[in-house]
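Chain by chain, the residues:
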Amino acid sequence: MATRVIAGKTVQVNEEGFMTNPAEWDKEIAVELAKEEGISELTEAHWKVIEFCRESAKTSGKAPTLRQITTGAGVSTKELFALFPKGPAKKVARIAGLGKPEGCV
Amino acid sequence: MKKLVVLGAGTAGTMVANRLSKLLDMDEWQITMVDQDPVHYYQPGYLLIPFGMYSRKDVVKPKHYFVPRGAKLIVSPIERIEPDHNRVFLANGTTLDYDFLIIATGADIHPEETPGLAEEEWGKSIHTFYSLEGALTLAEKLSTWEGGRLVVNVVENPIKCPVAPLEFLMLADWYFHERGIRDRVELIYATPLPGAFTKPVSSKMLGELLVQKGIKVEPEYMIERVEPDAKKIISYDEREIEFDLLVSVPLNMGAPVIGKSGLGDELNYVPVNKYTFLSDAFANIFVLGDASNAPASKAGSVAHFAVDTFGENFVRYIRGQELLPLFDGHANCFLESGFGKGLLIDFNYETEPLPGRYPLPGIGPFTLLEESEVNHWGKLMFRWMYWNLLLKGQELPLSATMSMAGKWKA
Ligand SMILES: Cc1cc2nc3c(=O)[nH]c(=O)nc-3n(C[C@H](O)[C@H](O)[C@H](O)COP(=O)(O)OP(=O)(O)OC[C@H]3O[C@@H](n4cnc5c(N)ncnc54)[C@H](O)[C@@H]3O)c2cc1C
């Protein structure tokens with residue numbers, strides 16, 4: 001398992017750059033990861049979604065799907081794409097320190 | 001008498017009723033099946049209808065052919081399930097009490113969930129092969145189509161038979177070759193997935209096959225709406241794709257009655273234990289086939305392997321023994337690839353589809369993740385097996401759980 005330093009902390013990541021231990025995550029890490037994803041500033045609307053995803057993963061053990069986010073966090077799909085352009089479910093999962101959302105085969 | 005009610009008499013409901021009628025003492029058990037439709041549909045056949053390979057008569061049979069001795073089929077819509085009171089209300093006024101309930105109400109398409117999809121161009125330049133009527137209309141359309149840009153779009157995953165859109169494209173490539181107009185047809189696959197398929201090895205191998213066949217993939221494409229008059233689809237990230245012919249796999253959802261009864265998730269799928277199919281919420285409800293949220297493929301072959309493991313587990317359960325985590329997510333799908341050939345993929349929860357031979361290691365006769373004629377025959381033979389063996393709850397000489405023997409580590 002690879003590790004890397006984000007916002008001054010050493011965390012475990014997989015080969016695609018997703019953190020593998022959600023407990024190592026904190027808000028400063030999120031800010032850094034968001035920048036890597038091309039989001040220069042995390043607004044309140046971003047945080048609402050990130051926090052929903054963290055909560056959801058705590059109970060289910062995995063990152064929520066796009067539809068679970070829109071139904072659960074009360075944002076429209078359109079807004080979600082505006083907040084986390086191109087593949088919001090994957091992007092927010094990475095920023096929230098969760099694994100990649102599992103697509104079923 | 002103990003009462004077992006099976007909701008939905010499609011692939012999974014029919015198989016499980018037949019299997020349990022063999023495993024249970026039918027002097028002590030009463031099995032009641034309920035379905036709104038007296039006809040059983042062989043859905044895998046829908047894929048072949050647009051290309052004139054199958055017609056309506058190849059994919060329908062009366063449901064009552066498949067009702068096991070000692071069981072009863074009621075034809076009526078199910079109105080509501082009251083899991084707290086162990087009863088089910090039917091539209092025909094009947095109330096059914098149960099000791100155990102098996103939900104097998106499947107999944108279906110919802111084109112109305114995508115703006116513009118099922119409006120004035122539906123059945124004209126916009127089609128689907130995910131319903132019998134849709135497949136028949138598309139067959140007519142394709143037989144006279146002069147060419148242009150054909151776009152296949154999957155609205156959202158999960159869908160039934162996730163390989164079907166790829167098969168459709170590969171068959172379309174072959175079909176237009178046969179009609180002598182392939183040079184006038186552009187084939188595009190707009191999918192929410194990051195590539196041709198989900199898992200790395202198969203995605204790469206299938207992706208290469210699509211390239212060889214001149215089929216272009218537009219990945220990570222989440223459709224927002226269709227503009228039927230302008231003949232284009234638009235994604236949430238504003239990518240526009242124009243089409244002359246759009247073949248859509250609309251949003252798939254569990255049965256509305258599941259949502260109405262408070263048993264479903266955001267897509268009306270019932271949350272279950274993925275190894276045993278026991279409902280997370282009720283200890284006397286099991287969910288088989290496409291109706292559950294188990295992260296396995298929504299496919300008839302999966303339902304078959306699931307029923308194999310479930311039968312054994314159910315007998316344990318009613319004796320008071322605990323359920324064993326028997327189901328491993330095993331799926332086994334034939335893919336038509338056109339020109340009389342096909343592929344086969346075999347995988348489970350843990351192991352992605354890999355190349356190799358199946359079911360006999362090194363011998364086959366089927367080739368995993370590799371085109372061959374024998375796989376195409378396997379796909380056609382599957383229909384016979386479905387009607388004559390699978391639905392009747394016969395065991396096949398194939399292991400219900402996946403085996404690594406015969407697979408090559410890629
Ligand atoms: C185009 C296409 C291609 C496919 N290809 C393949 C393939 O190659 N291989 C493969 O293994 N699988 C394939 N599948 C998938 C396969 O058909 C399904 O996974 C399988 O039929 C699922 O079985 P099920 O019993 O869960 O649902 P179904 O067979 O759909 O049965 C559900 C039943 O519930 C009934 N029902 C629902 N709601 C109610 C209600 N409120 N009241 C009364 N009755 C109700 C319905 O009438 C239906 O009979 C394909 C599917 C499609 C659409």
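Residues numbered from 1 in each chain as written. Chains lettered and ligands numbered in written order. Predicted model: local features only at pLDDT ≥ 70, side-chain atom pairs only at ≥ 80, totals over all residues. Heavy atoms only, no water.

**Student:** Before we move on, could you go through the overall build of chain A and cite the residues and values that matter?
**Tutor:** Across its full length, chain A holds five helices and two strands. The order of α-helices and β-strands along chain A, N terminus first, is β-β-α-α-α-α-α. Against the 2.2 N^0.38 benchmark of 13 Å for 105 residues, chain A shows a C-alpha radius of gyration of 13 Å, consistent with a compact globule. Dimensions along the principal axes, computed over C-alpha positions, put chain A at roughly 35 × 30 × 20 Å. In chain A, buried positions account for 43% of the 105 residues. Within chain A, counting contacts between residues at least 6 apart in sequence, those at least 24 apart form 47% of the total. Counting only carbon and sulfur atoms, one obtains 52% of the accessible surface of chain A, whose full area is about 5300 Å². Here chain A contributes 15 positive and 14 negative side-chain charges, whose respective centroids are spaced 5 Å apart. (Helix = DSSP H or I, 4+ residues; strand = E, 2+ residues; numbered from the N terminus. Rg over C-alpha atoms; globule rule 2.2 N^0.38 Å. Buried < 20%, exposed > 50% of the residue type's maximum accessible area, 1.4 Å probe, protein only. Contact = heavy atoms within 4.5 Å. Areas by Shrake-Rupley, 256 points an atom, 1.4 Å probe, with all protein chains shown as cover. Lys, Arg positive; Asp, Glu negative; His and termini not counted. Charge placed at Lys NZ, Arg CZ, Asp CG, Glu CD.)

**Student:** Lay out the domain arrangement of chain B in plain terms, naming residues and giving numbers.
**Tutor:** Residue and element names in this part refer to chain B. When the domains of chain B are assigned, the result is domain 1 (2–108 + 253–318), domain 2 (111–251) and domain 3 (331–390). On a C-alpha basis, the centres of domain 2 and domain 3 stand 23 Å from each other. Tallying the contact residues gives 16 residues for domain 2 and 16 residues for domain 3. Roughly 1400 Å² of surface becomes buried between domain 2 and domain 3 when both sides are summed, with 74% attributable to carbon and sulfur atoms. Looking only at domain 2, the three residues that lose the most surface to domain 3 are Glu 167, Val 201 and Met 205, adding up to 28% of its buried area. Our count for the contact surface shared by domain 2 and domain 3 stands at two salt bridges. Two residues, Lys 213 and Glu 371, come together in a salt bridge whose shortest N-O distance is 3.6 Å. Seen at the junction of domain 2 and domain 3, the total is four residue pairs in polar contact (both at pLDDT 80 or more). Of all the elements in the fold, those that place two or more residues in the side of domain 2 that touches domain 3 are helix H3 (164–178) and helix H4 (200–212). (Domains from an automatic or database assignment. Buried area = accessible area lost by both parts, 1.4 Å probe. Salt bridge = Lys/Arg side-chain N within 4 Å of Asp/Glu carboxyl O. Polar contact = N/O pair within 3.5 Å; in protein donor to acceptor, adjacent residues only side chain to side chain.)

**Student:** For the pattern of salt bridges, give the residues involved together with the corresponding values.
**Tutor:** Overall, the coordinates contain 34 salt bridges over all chains when judged by the stated rule. A salt bridge links Asp 308 of chain B to Arg 19 of chain B; the shortest N-O distance between them is 2.8 Å. Highlighted residues: Asp 308 of chain B in helix H6 (residues 300–318) and Arg 19 of chain B in helix H1 (residues 11–23), separated in sequence by 289 residues. By relative accessible area, which is 12% here, Asp 308 of chain B ends up buried. Judged by its relative accessible area of 5%, Arg 19 of chain B is buried. Note that Glu 370 of chain B and Arg 357 of chain B form a salt bridge whose closest N and O atoms lie 3.6 Å from each other. Separated by 13 residues along the polypeptide, Glu 370 of chain B in the loop between strand E24 (364–368) and helix H7 (373–390) and Arg 357 of chain B in strand E23 (residues 356–360) bring together distant segments of the chain. Given the relative accessible area of 35%, Glu 370 of chain B is considered partly exposed. For Arg 357 of chain B, a relative accessible area of 19% translates into the label buried. Counted as one network, the salt bridges with shared partners bring together Lys 78 of chain A together with Glu 224, Arg 225, Glu 227 and Glu 238 of chain B.

**Student:** Lay out the sheet that holds strand E12 (residues 148–154) of chain B with the relevant residues and their values.
**Tutor:** Residues and elements named next belong to chain B. With respect to topology, five strands assemble into an open sheet ordered E11-E18-E12-E13-E14, the strand pairing being parallel. For this open sheet the edge positions go to strand E11 (126–127) and strand E14 (215–218), each flanked by a neighbour on one side alone. In terms of strand pairing, E11 meets strand E18 (residues 245–249) through two bridges, oriented parallel. Bridge pairing links Ile 126 to Leu 246 in E18. (Pairing = 2+ DSSP bridges.)

**Student:** Any chance you could break down the UniProt feature "domain: FAD/NAD(P)-binding" (unreviewed entry) in chain B for me, citing the residues and the numbers?
**Tutor:** Mapped onto this numbering, the UniProt entry gives "domain: FAD/NAD(P)-binding" (unreviewed entry) at residues 3–130 of chain B. Each end of residues 3–130 of chain B is marked by a C-alpha atom, and these two atoms are 34 Å apart; helix forms 10% of the span and strand 34%. (UniProt positions renumbered as here; feature names shortened; annotations may be inferred.)

**Student:** Tell me about the packing of aromatic side chains, and name the residues and values.
**Tutor:** Residues and elements named next belong to chain B. As enumerated under the stated definition, the model contains 24 aromatic pairs over all chains in all. Note on Phe 51 and Tyr 175: the rings are 5.4 Å apart at their centroids and 65 degrees apart in plane angle, and the pair reads as edge-to-face. Here Phe 51 is found in the loop between strand E3 (39–41) and strand E4 (60–62), whereas its partner Tyr 175 is found in helix H3, with 124 residues between them in sequence. Taken individually, Phe 51 and Tyr 175 each receive the classification buried, so the pair is uniform in this respect. With a centroid separation of 5.9 Å and 85 degrees between ring planes, the pair formed by Phe 286 and Phe 314 is classed as edge-to-face. (Phe/Tyr/Trp six-rings, centres within 6.5 Å; stacked < 30°, edge-to-face > 60°.)

**Student:** Would you mind going over the state of the cysteines in detail, with residue names and values included?
**Tutor:** Two cysteines, two sulfur atoms, one covalent bond between them: this is a disulfide. Counted by the stated rule, this structure contains zero disulfides over all chains. Cys 333 of chain B takes part in no disulfide bond, and the closest cysteine sulfur, belonging to Cys 161 of chain B, lies 5.5 Å away. (Disulfide = S-S within 2.5 Å.)

**Student:** Explain the confidence of the model for chain B to me, and be specific about the residues and the numbers.
**Tutor:** When pLDDT is low, close inspection of the predicted coordinates is not appropriate. Of the residues in chain B, 100% reach a pLDDT of 70 or more, and the chain-wide mean stands at 96. We note a pTM of 0.94 for the whole complex and an ipTM of 0.78 for its interfaces. (pLDDT = per-residue confidence, 0-100.)

**Student:** Tell me about the sheet that holds strand E20 (residues 285–287) of chain B, and please be specific about residues and values.
**Tutor:** Residue and element names in this part refer to chain B. Spatial ordering of the open sheet is given by E5-E2-E1-E9-E20, a layout of five strands whose pairing is parallel. A strand with exactly one partner marks an edge of an open sheet, and here the two such strands are strand E5 (71–75) and E20. Between one strand axis and the next, the sheet turns by 20 degrees as a mean value, whatever way the strands run. Sitting on the sheet, H1 touches strand E1 (2–7), strand E2 (29–35) and strand E9 (100–103), and the angle it makes with E2 is about 170 degrees. (Axes fitted to C-alpha atoms, helices over the stretch in contact; angles between N-to-C directions.)

**Student:** Can you explain the environment of Phe 310 of chain B? Please cite residues and give values.
**Tutor:** Summarising the element assignment, Phe 310 of chain B is placed in helix H6. In this structure, Phe 310 of chain B is in contact with Val 16, Leu 20, Ile 102, Thr 276, Phe 286 and Leu 288 of chain B, ignoring residues within four places of it in sequence.

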